[in-house]
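Listed here are the chains, written in short residue letters.
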Amino acid sequence: MPYIYWCARCGARSPEPHDRRDDADDERAEHRATEHGGLAPAAGDGVRTVHTQGRTGSCSGSLLFVLFLLAAVVANCWGR
């Protein structure tokens, strides 16, 4: 599962997900050193896992199902 670094104090986050957690940890250490003088920000920061698949796949399937049902209702009413 991909990982990203995020900083709550300044809003920084990884430009793209890392495949390894160690790479995101390295980015966290580099960010702390360059932006916060090597200290952990008081607001917090960390490494999170992210999902690569969005909700579009499940949403489009549901949308197609609703459109099919709507077409069936309209076709049923059309003949009357």
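Structure's up top.
So, a few notes on the structure that sits alongside this text. (Residues numbered from 1 in each chain as written. Predicted model: local features only at pLDDT ≥ 70, side-chain atom pairs only at ≥ 80, totals over all residues. Heavy atoms only, no water.)

1. Quick notes on a nonpolar patch on the surface
Thinking step 1. Together, Leu 63, Leu 64, Leu 67, Leu 70, Val 74 and Trp 78 line one region of the surface with nonpolar side chains, adding up to about 690 Å² of accessible area.
Thinking step 2. Topologically, Val 74 is positioned in helix H2 (residues 56–78). (Patch = residues over 30% accessible without salt bridge, like charges linked within 9 Å, V, L, I, M, F, W, Y side chains within 5 Å. Areas by Shrake-Rupley, 256 points an atom, 1.4 Å probe, with all protein chains shown as cover. Salt bridge = Lys/Arg side-chain N within 4 Å of Asp/Glu carboxyl O. Helix = DSSP H or I, 4+ residues; strand = E, 2+ residues; numbered from the N terminus.)

2. Overview of the pattern of salt bridges
Thinking step 1. For the structure shown, the criterion picks out 4 salt bridges.
Thinking step 2. Between Asp 25 and Arg 21 there is a salt bridge; the shortest N-O distance is 4.0 Å. One end of the pair is Asp 25 and the other is Arg 21, both in helix H1 (residues 21–35) and 4 residues apart, which spans about a single turn.
Thinking step 3. For Asp 25, a relative accessible area of 21% gives the class partly exposed.
Thinking step 4. Between Asp 45 and Arg 32 there is a salt bridge, with its nearest N and O atoms 2.9 Å apart. (Buried < 20%, exposed > 50% of the residue type's maximum accessible area, 1.4 Å probe, protein only.)

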